[in-house]
Amino acid sequence: MPPKTKANGTKAGAQKKKRNAGADVETESMHRLAQLENELLRDHLALQRNEARRAKASEDQLKQRLQELEAELEGARREGKAIYTEMSRQRQALQEEMETRSRQLEEEVKGLREKLDKCQREAEAAEREAKQALGERDRTLAQLRAHVADMEAKYEEILYGSLDGLLDKLRAVKPQWDGALLKLHARYKEQLRQFGLNPLDL
C-alpha cells in the first residue's frame, strides 16, 4: 500500500466535509418538508373544522327551518282541519236548513193544492147551484107570468062580465030612476015654493 501524502489527506478531508454538508442539507430539507407537511395538515384540519362548523351551523339552521316548516305545516293542517270542520258543520247546518225549508214548502204547496181543490169544488158546486137557481127562477117566472096572464084574462073576463051585468041592471032600473028623480025634483021645487023661493033663481 503506497504511503499517504498530504495532498491525499487534504482531498480526503474535503470529501468528508462535502459528504457531511450534503447530509446536513438533506436533513434540513427533510425537516422543512416535514414542517410544510405539518402546516398543510394543520391548515387542512383547520379547514375541515371550519367546514364542519359551517356544516353544523347549516345543519342547525336547516333543522331549525325544518322545525319551523313542520310547525307551520302542523298549524296549516290544524287550521285546514278546523276550516274543514267548520265548513262541514256549516254545510250540514245549511243542508238541514234547506231540508227543513223544503219540507215546509212541500207542506205549504200541499195545503195550497188542497185549498185550491176545495175552492174549485166549491166554485163548481156554487156554479151548479147558481145555474139550478137561475133555472128554477126562470121556470118560476114563466109560471108566474103564465099565471098572471091567466089571472088577467080571468079578471078581464069577470070585469067585463060584471060591467056588462051592471050596465044591463042600470038600463033596467034607469026608467025607475028617471021617474024617481022627476018625483024628487018636483017635491024639492014644491018645498022651495013653500019657503018663498024660486027654483029658477037657484
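Analysis parameters
Residues numbered from 1 in each chain as written. Predicted model: local features only at pLDDT ≥ 70, side-chain atom pairs only at ≥ 80, totals over all residues. Heavy atoms only, no water. Helix = DSSP H or I, 4+ residues; strand = E, 2+ residues; numbered from the N terminus. Buried < 20%, exposed > 50% of the residue type's maximum accessible area, 1.4 Å probe, protein only. Areas by Shrake-Rupley, 256 points an atom, 1.4 Å probe, with all protein chains shown as cover. Salt bridge = Lys/Arg side-chain N within 4 Å of Asp/Glu carboxyl O. Patch = residues over 30% accessible without salt bridge, like charges linked within 9 Å, V, L, I, M, F, W, Y side chains within 5 Å. pLDDT = per-residue confidence, 0-100. Contact = heavy atoms within 4.5 Å. Lys, Arg positive; Asp, Glu negative; His and termini not counted. Charge placed at Lys NZ, Arg CZ, Asp CG, Glu CD.

Q: Any chance you could explain the overall build of the protein here in plain terms?
A: For the protein, the helix and strand inventory stands at 1 helix and 0 strands. Expressed as a percentage of the 202 residues in the protein, the buried residues total 0%. Surface exposure of the protein reaches about 18,800 Å², of which carbon and sulfur atoms provide 58%.

Q: When you look at the pattern of salt bridges in this model, what are you seeing that I'm missing?
A: Counting across every chain of the model gives 8 salt bridges. We note a salt bridge from Asp60 to Lys56, for which the minimum N-O separation is 2.9 Å. Of this pair, Asp60 and Lys56 both sit in helix H1 (residues 6-194), 4 residues apart, which is roughly one turn of the helix. Note on Asp60: relative accessible area 33%, which makes it partly exposed.

Q: Explain a nonpolar patch on the surface here, please?
A: A contiguous nonpolar patch, built from Leu159, Tyr160, Leu163, Leu166, Leu167, Leu170, Trp177 and Leu181 and spanning about 780 Å² of accessible area, is present on the exposed surface. On the secondary structure map, Leu167 appears in helix H1. Residue Leu167 is classed as partly exposed on the basis of its relative accessible area, which comes to 40%.

Q: Explanation requested: the confidence of the model for the protein in the structure shown.
A: Interpreting fine coordinate detail is not advised for predicted regions of low pLDDT. With 85% of its residues at a pLDDT of 70 or more, the protein shows a mean pLDDT of 82. Contacts for the low-pLDDT stretch residues 1-7, under 50 throughout, to residues beyond four places or in other chains number 0 contacts.

Q: I'm lost on a negative patch on the surface in this one. Help?
A: A cluster of like negative charges, contributed by Glu106, Glu107, Glu114 and Asp117, occupies part of the molecular surface. For Glu106, the location among the structural elements is in helix H1.

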